[in-house]
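Summary of the model geometry
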Amino acid sequence: MKKRLFKLLSVCMAVAMLSVLMSACGGSGGSGSPEEGKSTDSSAKEESAAVDDGKPDTSKKVVLNWYLLGDAHADTPKVVAEWNKMLEKDLNATVKLNFTTWNDWQTKYNLLLASGEKVDMLFASSWADFFKFAKQGAFLDLKDLLPKYAPETWKEVPEQDWKDVTIGGKILAVPSTYPEYTPDGLVYREDWREELNAPEITDLDSIEKYLEAVKTVKKVTPIKGKAWNEVNTLFHNYYDFKNIGGDSGVIVAKSYDTPRDVVAYPFTMEFEEWVKRMKTWADKGFWTSNTLSIQQESGDFIKTGTGAVYWRNAPGASGFIADIEKNHREIKKMGYFPFTRFHNYAVPNLGINNGMAIPKNSENPERSLMVLEKLRNDPKYYNLMTYGIEGENYVLNDKGAIVSPPPGKDPKKGYGIASWGWRYSKNEHPSSNRWEGEDKLMEEFKAASRPDIFAPILMDYQPVKSQLAAVNQVYQQFGMPLMMGLVPDVDQALENYRSKLKAAGVDAVLAYVQKEVNAYADEKGLK
Amino acid sequence: MGYIVISVLALLCLLPFWLIISGSFSAEDDIIRDGFRLVPNHFSIDAYKAVFSNPMQIIQAYEVTVGLTLTGTILGLFFTSMAGYVLSRKDFKYRDKLAFFIYFTTLFSGGLIPWYILIVNYLDWKDSYLALLVPALMSAWNIILMKNFMKSIPDSIVESAKIDGAGEFTIYWKLILPLSTPGLATIGLFLGLSYWNDWFSANVFITTESKYPLQFLLYKILASAAVLKTDIAGNLGADFKAPAETLKMAVAIVVTGPIIFLYPFVQRYFVKGLTIGAVKG
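Residues numbered from 1 in each chain as written. Chains lettered and ligands numbered in written order. Predicted model: local features only at pLDDT ≥ 70, side-chain atom pairs only at ≥ 80, totals over all residues. Heavy atoms only, no water.

All names here are of chain B. Put simply, chain B has an average pLDDT of 84, and 91% of its residues get 70 or more. Mean pLDDT values over the elements of chain B span from 67, in helix α15 (residues 263-277), up to 94, in helix α7 (residues 129-133). Reported confidences for the modelled complex are a pTM of 0.78 and an ipTM of 0.77. (pLDDT = per-residue confidence, 0-100. Helix = DSSP H or I, 4+ residues; strand = E, 2+ residues; numbered from the N terminus.)

Oppositely charged side chains are able to pair whenever their charged atoms sit close together. All names here are of chain A. A complete count under the given rule lists 35 salt bridges over all chains for this structure. The shortest N-O distance in the salt bridge between K276 and D491 comes to 3.5 Å. In this pair, K276 is assigned in helix α12 (residues 269-283) and D491 in helix α20 (residues 490-504), connecting sequence segments 215 residues apart. Put simply, D205, E208, E212, R277 and K284 are held in one network by salt bridges that share partners. (Salt bridge = Lys/Arg side-chain N within 4 Å of Asp/Glu carboxyl O.)

Now for the pairing of strand β12 (residues 334-338) of chain A. Residue and element names in this part refer to chain A. Here β12 lies mainly inside the structure; five of its five residues are buried. Summarising the sheet, strand β7 (residues 184-189) and β12 pair through five bridges and their orientation is antiparallel. Bridged to G185 within β12 is P338. (Buried < 20%, exposed > 50% of the residue type's maximum accessible area, 1.4 Å probe, protein only. Pairing = 2+ DSSP bridges.)

What follows concerns the side chain of S180 of chain B. In this fold, S180 of chain B is placed in the loop between α10 (168-179) and α11 (181-197). With residues up to four places along the chain from it excluded, the contact list for S180 of chain B reads M146, F149, M150 and I153 of chain B. (Contact = heavy atoms within 4.5 Å.)

With that out of the way, let us pick up α11 of chain B. Spanning 17 residues, α11 of chain B covers 24 Å between terminal C-alpha atoms, matching the ideal 24 Å at 1.5 Å per step. Counting buried positions over the 17 residues of α11 of chain B gives 15, a clear majority of the element. (Expected span 1.5 Å × (residues − 1).)

Moving on, we get to helix α18 (residues 437-447) of chain A. Residues and elements named next belong to chain A. Three or more residues of α18 are buried, namely G437, E438, L441, M442 and F445. Buried residues of α18 fall within an arc of 135° about the axis and therefore sit on the same side. Exposed side chains of α18 directed beyond 90 degrees from the buried face belong to K440, E443 and A447. In this structure, the buried side of α18 is in contact with α14 (314-327), β12 and α15 (340-343). (Arc of directions from axis to C-beta.)

Each domain of chain A was delimited in the assignment, giving domain 1 (62-179 + 350-427) and domain 2 (184-227 + 286-345). Each of domain 1 of chain A and domain 2 of chain A was reduced to a C-alpha centroid, and the two centroids are 35 Å apart. (Domains from an automatic or database assignment.)

To continue, consider the sheet that holds strand β1 (residues 62-68) of chain A. Read across the open sheet, the five strands follow the order β2-β1-β3-β13-β6 (chain A); overall the sheet is mixed. Edge positions in the sheet fall to β2 (93-99) and β6 (174-175) of chain A, since each has one partner strand and no second.

Along a regular strand, successive side chains alternate from one face of the sheet to the other. All names here are of chain A. Strand direction decides the pairing type here: β1 and strand β3 (residues 121-124), joined by two bridges, are parallel. Bridging from a neighbouring strand, Y67 pairs with L122 of β3. Both β3 and strand β13 (residues 355-357) contribute to a ladder of three bridges, which runs antiparallel. Paired with L122 across the strands is A357, a residue of β13.

Set out below in structure tokens:
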């Protein structure tokens, strides 16, 4: 550890020395700015040249530097080479496609965007800190470029989606056009439910009866891995408590219908009722007593026949069930209970749940946008990048579904990269081996759809940073065991938890969130 | 009696290693169901299959790592010992200032982002082996260590060589270096290990898969196996699901295997070299 530290420190000092040297050598003042000035100059020129003949100018050959999240597939270099051949012909451009890998991609995003590296396009997403970077001014305003360089996209992305990515009057990304619902829910062993004659799962009581039957008759711990997600999301959804302002931990809006009614949920009657119930669940052995320290997913245990319930969002559940149907045939039937059924409404994801953005330092934003336009709208480009090489990585069956890998090919040929940023429902093909229930679920969600009013509330917790940190500490230390029923005396633990939260400054955090929520609700005209 | 106690203790120390080995050969399902065992219930090489699913990749990564470790250690030793030697000479005028300048770097740093900006924007070393090699060549700690070691070599040796007409570099190369073997071995081991174990620079700077060093490649395999289980991957078409638990063990073995054999060769220099480093300044 010490050695690492020393190493890091010494490297940094070397850097400092070198950069001093460099800027000294550079002579005329600031080290980075002249170059930057040049690049904006040239792009401005390009733009004006393009305006003249009314058509985008593609006479100069460019290499675009793109970044995607995650890992490349083994066949990606082949795919990109193929793709570049087409691009070079059509747009006189090639793309160097980079991947962040799944290791610490957050750090890499920070570095890429903070260092001003010349990146022409990258995957952007609300869950990958799009709003944070947007606020910091890391992305280029596309408002003027879009109608000219990506007219089709400009026309076809719904108004609401453009609104999602408009911050301070600037359009900072191109959202994917793929309506998605990712509500929480429980995956469970339907075959066991039938075998045990447990009631169909429709509400909390039936869930309890099911868990009890599994525990007593099957002698299986129903949620054997870390059960936190299962219990926590169930709690929020059962009472319709809506997480608000991202990382606030214990602060929720009491219901979808009353967004201004913000509370710290540990002080509610509902929470009291809930933890008492969870105590009985824990005592009945629905999960193990070390559940908070286990790192294994409950789903792993379902696969080995030693678990019965697993928390997943709807697409995740679909993938999980498809995998079980394929690789664990001894499990006859899986079921899924989406928590949307508690209150009968579903909230679609924001348009910018996935999308593509152009960083401020891009050298060729126009061309990059033209490539994106092609990629989204031309099925030839779309299929190649999204599904790989036809016949090699995938084939389409008679229903237009993707079979990947093609029959008779090595399973490793099945293609997959994080292509979500340019997804467009018009060109998207469903997978042939998806779980049958998924389409039905999507229908159900669509019918009960209501717009997302909570996700766009973005909070900067700077004024209450220390209180929030203290609250989160208390939450981890006292709130989580209480929620999981892992305390000897619920009343006492609850009282203790509440007083600790008060001492940590939960009121200040609550007041701050309330203020921000009011401001947001006024702006959007919510009740 | 003493021998028996020591042997038992030694065996106990080996136990965790044995658990890793047996874990890497167990079936994933067994580990989830029953936990780790000394003898696998079902012998399985799935984890190794996952690690070596693309053998060319591992071989390439080995080449990168071995190449980096060798060049890095040799160059690093050369530069570190030169710096250490200069600082150990009492007749070097700016000795104290320079020593302070180096020592100072151990107290304050510029942070990750300036480092990144320097390497990517100014030196243009993104996706280049240089980014893996150069930053770790010299470290203040190693230089101080080296200086202190060389201080213990009597000045009269330098003087006698001068009288015989040797130049500065000859003195350093022919006299000081051979006398500093324990120090060199120690620092060589430090350098070798740090190059061998370094995954962070590759994580930050390398984007081409064929340039990944071993540690990072394996770290990446583990991370991908973990990601494939999360919700993010709900839509990833990858059909290949790696056995995450046993994979960790297999990766640990693949990574540590070769470097463990380095220890016996340099260990005898180790104690002496380290005690010298205990005195700073």
